[in-house]
Amino acid sequence: MTITTGATLPDATLLQIGAAGPEGVSLGDKLKDRKVVIFGLPGAYTRTCSTAHVPSFMRTLDGFKAKGVDEVICVSVNDPFVMDAWGKATGATEAGITMLGDASAEFTTAIGMEFSAPPAGLVNRSKRYSMLIDNGVVTILNEEGSPGECEISAGETLLDAM
């Protein structure tokens, strides 16, 4: 079942690199009593993700903060080492975007955003989406029709919808 507007996100443990290495991050804790933007994408270092999706949230981060968003989180079906390196390589981490790995695609599958495109080398990955979450509840959900597109789920589109 795909997550919908008005639904509560399931709790999940995502991964990031901390001072001592990989560490779990409770999504439920991140969302409790907070306004958070989450955007998901097919994979770190992939073309559209690197040149369009992440940069769109870097450009709009200040606008989200001005509208009361506490945190902007990028989620991808990658390990935390890749997400850490990619966040540094794109400048997303320095800009203030939280990069979290959903290494086993549990969260992505739980919200119905998984897809596979074996000819492109993408298996059990995330569809491209963005959402605004208020205290764990999805208030805006933007899902792309194709993994190579980045208009509906771009930072500018989500910011304009708020």
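By convention here, each chain's residues receive numbers from 1 onward along its written sequence. Per-residue local features of the predicted model are confined to residues with pLDDT of at least 70, and side-chain atom pairs are confined, for both listing and counting, to 80 or more; whole-chain, interface and lining totals are unaffected and use all residues. Excluding hydrogens and water, the side-chain values take into account all heavy atoms of the structure.

Visitor: Got a sec to walk through the side chain of Glu 71? Specific residues and values, please.
Guide: Starting at the N terminus, helices and strands are each numbered in turn, a helix being any DSSP run of H or I of at least four residues and a strand any DSSP run of E of at least two. Counting through the fold element by element, Glu 71 comes out in strand 4 (residues 71–76). Polar contacts involving the side chain of Glu 71 include one to the side chain of Lys 30, which spans 2.9 Å. Any pair of nitrogen or oxygen atoms within 3.5 Å is treated as a polar contact; in protein, a donor-acceptor pairing is required on top of that, and neighbouring residues in sequence qualify only through side-chain atoms on both sides. For Glu 71, the side chain forms a polar contact with the side chain of Thr 98, separated by 2.6 Å. Those residues in contact with Glu 71 that lie beyond four places of it in its chain are Lys 30, Arg 34, Lys 35, Val 36, Val 37, Lys 65 and Thr 98. Here, residues are in contact when the closest pair of their heavy atoms is within 4.5 Å.

Visitor: An account of helix 2 (residues 47–66) is requested, with residue identities and associated values reported.
Guide: Spanning 20 residues, helix 2 covers 29 Å between terminal C-alpha atoms, matching the ideal 28 Å at 1.5 Å per step. Fitting axes to the seven residues ending at a residue and to the seven starting there, one defines the bend at that residue as the angle between these axes. At Thr 60, helix 2 shows its maximal bend, which comes to roughly 50°. For every residue, the accessible area obtained with a 1.4 Å probe (protein chains only) is divided by the maximum for its type, and the residue is called buried under 20%, exposed over 50%, and partly exposed between those limits. For helix 2, every residue scored as buried is listed here: Thr 48, Cys 49, His 53, Val 54, Pro 55, Ser 56, Phe 57, Thr 60, Leu 61 and Phe 64. Along its buried surface, helix 2 packs onto strand 3 (35–41), strand 4, helix 3 (80–90), helix 4 (92–95), strand 8 (129–134) and helix 6 (155–161). Just beyond helix 2, the residue with positive phi is Gly 68, at close to 90°. One less than the number of residues in a helix, times 1.5 Å, gives the span that helix is expected to have.

Visitor: For unusual backbone geometry, give the residues involved together with the corresponding values.
Guide: Unlike most non-glycine residues, Ala 105 shows phi in positive territory, near 65°. Following the sequence through the fold, Ala 105 ends up in the loop between strand 5 (98–101) and helix 5 (106–110). Even without being glycine, Asn 135 reaches a positive phi, approximately 50°. With respect to the secondary-structure elements, Asn 135 resides in the loop between strand 8 and strand 9 (137–143). The exposure class assigned to Asn 135 is partly exposed, which follows from its relative accessible area of 41%.

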